[in-house]
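Single-letter residue listing:
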Amino acid sequence: MNRIFFRFFVLVMLSITAATFVIYFAMSRLFGDPLDDIARRQAAAQIFLIEQYVDEAPTDEWLVRLNRVREVSDTRFDLVTLQAARAALPGASLAALERGDVVLDVDNKAFYRRVDLTGEGYIGSDEEVIHARDLPIDINLALKMEAVRYVIVALALLLPIALWSRSHWQGLQRLSRVADEFGAGRLSARARMPRSASIYPLAERIDHMADRIEELLVAQKNLLHSVSHELRTPIARLEFALELLDAKADNPALRPRIAAMERDLRELNELVGELLGMARLDSEPALQGDTVDLAALLHTTVAALPPGAQALAVEAAEGLGTLEADPRLLGRALSNLLRNAQKYAAASIRLSAWRDGRQVLIAVEDDGPGIPEHEREHIFEPFYRLDRSRDRATGGFGLGLSIAHKAVLLHGGTLMVEQSALGGARFVIALPT
Ligand code: ADP
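Here is what the cut-offs are and how they apply
- Residues numbered from 1 in each chain as written.
- Predicted model: local features only at pLDDT ≥ 70, side-chain atom pairs only at ≥ 80, totals over all residues.
- Heavy atoms only, no water.
- Pairing = 2+ DSSP bridges.
- Helix = DSSP H or I, 4+ residues; strand = E, 2+ residues; numbered from the N terminus.
- Axes fitted to C-alpha atoms, helices over the stretch in contact; angles between N-to-C directions.
- Contact = heavy atoms within 4.5 Å.
- Parallel < 35°, antiparallel > 145°, perpendicular 65-115°, else oblique.
- Left-handed = near helix turned anticlockwise from the far one by under 90°.
- Nonpolar A, V, L, I, M, F, W, Y, C, P; charged D, E, K, R; others polar.
- Salt bridge = Lys/Arg side-chain N within 4 Å of Asp/Glu carboxyl O.
- Buried < 20%, exposed > 50% of the residue type's maximum accessible area, 1.4 Å probe, protein only.
- Phe/Tyr/Trp six-rings, centres within 6.5 Å; stacked < 30°, edge-to-face > 60°.
- Lys NZ or Arg CZ within 6 Å of the ring centre and 35° of its normal.

S.K.: When you look at the sheet that holds strand β2 (residues 103-105) in this model, what are you seeing that I'm missing?
M.R.: Strand pairing in a sheet is mediated by backbone hydrogen bonds. Such pairs are either parallel or antiparallel. If you walk across this open sheet you meet the four strands as β1-β4-β3-β2, and the pairing is antiparallel. Edge positions in the open sheet fall to β1 (76-81) and β2, since each of these has one partner strand only. Taking the axes of each pair of neighbouring strands and ignoring which way they run, one obtains an average angle of 25° across the sheet. Bridging between β2 and strand β3 (residues 110-114) involves three bridges; their strand directions are antiparallel. Bridge assignment links valine 103 to a residue of β3, and that residue is tyrosine 112. Packed onto the sheet, helix α6 (residues 91-99) meets β2, β3 and β4 (128-133) and runs at close to 50° relative to β3.

Now the structure itself:
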């Protein structure tokens, strides 16, 4: 059963129950208790016998007729004192009893009625009450009939609603699938609902929005790619020109300046390289999937790192096994995290990997300054750097984490950052298996 319908079902049932109570109380206040009414109809024959046969007896025959009725009826007719009847009835019914009306005791299938108000039936008859018991009252049956009536009304309401909400639900599910696919990076995902669909106007707007987002993202990627690409040629020319200048410079005072310009140019070249790498990642059509031995991947990535001053511990759990992944991309993500750890760790770095249910988890942590909590949600944005003075010294562009994040997302995984037990940052890659 779909969620919308289920909620609606609960709501309708609650409303019908509430309406039942409101109807019951409104009827009771306006026209008297409906249950009392039902019981009175069920006990009509016994009431009729008392009112139309026993009461119609001549003055001295009242008790005789009552006894005759007792003999032929399954109902027990006892005479009790007025006091006993008062004690057995609730306060609200006492006035009716005093008036000489038939007062029903529905729960006990009984009724009370004063013999008379004047004492003319027999001596002391005005102080006695007929207590009729074992009446053929069956309120449960009446209640069951009411319940069946309400259930039929509820079903008659819910059936068309179920059919109506089903088509909505299917449409919404299709939209949520499209949103998931779009969010996972398949920018061509569209709902393309038929015009007859109930949520067609919404689906059409979402498709339109997706068209616009796709256009903008493609334009942005193309721009990034073209600019980075176009920058390569002038950079290469400048490098060549600087080399010539360096070789031909007669004035030795110029040498340090030329060396500084060469350094800047190298940095620019690296930036362009990183930007092109990121643009390639964005336009990656699909992963170059391969069966990757995880423990081997960890060790080759560590072996390819530049030598660092800190101790690097690798803790790969037993039976880590293999994973369907792109080894180049995954290695790149891991290497970016490890290089960052090398930049910021004080003395130790730990690389650990283990399996948890249907996930593989890889953590890179260090004992460096860590990442403050309020910065953690921005840390994966391109060009985002924390403490600019600190980072200038470490020489990054703020692209490494963004590239690692994209690479992990392409694998359908997540990359998170938290506080490490070592004291610094702890980056955790979680990959589905
Ligand atoms: P960069 O190439 O500049 O290192 P990144 O995207 O890799 O850029 O990292 C972005 C910022 O996150 C860095 O400038 C740094 O401030 C912070 N950072 C990354 N890794 C760590 C770490 N292990 N410890 C502390 N800060 C880190």
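Having seen the model, we can carry on.
S.K.: How should I be thinking about the packing of helix α9 (residues 254-282) against helix α13 (residues 400-410) in this particular structure?
M.R.: Axis angle and axis distance: for two packed helices, these are the angle between their axes and the distance between the axes, and together they describe the pair. The contact between α9 and α13 brings their axes to 10 Å, and the two run at 20°. In terms of axis orientation, α9 runs roughly parallel to α13. For the pair α9 and α13, the sense of crossing is left-handed. Contacts between α9 and α13 involve Glu274, Met278, Leu281 and Asp282 from the first element and Gly400, Ser402, Ile403, Lys406, Ala407 and Leu410 from the second. Of the residues in the contact of α9 with α13, the class split is five nonpolar, two polar and three charged.

S.K.: Any chance you could explain the pattern of salt bridges here in plain terms?
M.R.: Working definition: two side chains of opposite charge can pair if their charged atoms are close together. All chains considered together, the criterion is met by 19 salt bridges. Here aspartate 326 makes a salt bridge to arginine 328, at a shortest N to O gap of 3.8 Å. Taking relative accessible area as the criterion, arginine 328 reaches 52% and is therefore assigned exposed. Overlapping salt bridges, with partners in common, bring together Arg350, Glu365, Glu418 and Arg426 in one network.

S.K.: Would you mind going over the sheet that holds strand β11 (residues 425-432) with me for this structure?
M.R.: Judged by pairing direction, the sheet is mixed, and its five strands sit side by side in the order β6-β8-β9-β11-β10 without closing on themselves. Two strands lie at the open edges of the sheet, namely β6 (311-316) and β10 (414-419), each paired on one side alone. When strand polarity is set aside, the average angle formed by the axes of neighbouring strands in this sheet is 15°. In this sheet, strand β8 (residues 348-356) lies alongside β6 in parallel orientation, the contact comprising six bridges. Bridged to leucine 312 within β8 is isoleucine 349. Contacting β6, β8 and β9 (359-366), helix α10 (residues 294-303) crosses the sheet at an angle of about 170° to β6. The sheet contacts of α13 involve β10 and β11, and relative to β10 the element is tilted by about 130°.

S.K.: What is the right way to read the side chain of serine 335 from this model?
M.R.: With respect to the element layout, serine 335 can be found in helix α11 (residues 327-344). Taking the relative accessible area as the measure of exposure, serine 335 reaches 14% and is therefore buried. Ignoring anything within four residues of it in the chain, the contact list for serine 335 reads Thr301 and Leu305.

S.K.: It is not clear to me how the packing of aromatic side chains should be interpreted in this structure. Could you clarify?
M.R.: Aromatic rings considered in pairs are described by the distance between their centres and by the relative angle of their planes. Applying the stated rule across the entire model yields three aromatic pairs. With a centroid separation of 6.4 Å and an interplanar angle of 80°, the aromatic rings of phenylalanine 380 and phenylalanine 427 are classed as edge-to-face. Highlighted residues: phenylalanine 380 in the loop between β9 and α12 (388-394) and phenylalanine 427 in strand β11, separated in sequence by 47 residues. For the pair shown, phenylalanine 380 and phenylalanine 427 are each scored as buried. Lying over the aromatic face of tyrosine 53, arginine 65 brings its terminal NZ or CZ to 4.7 Å of the ring centre.

That's the geometry; what it means functionally is another story.
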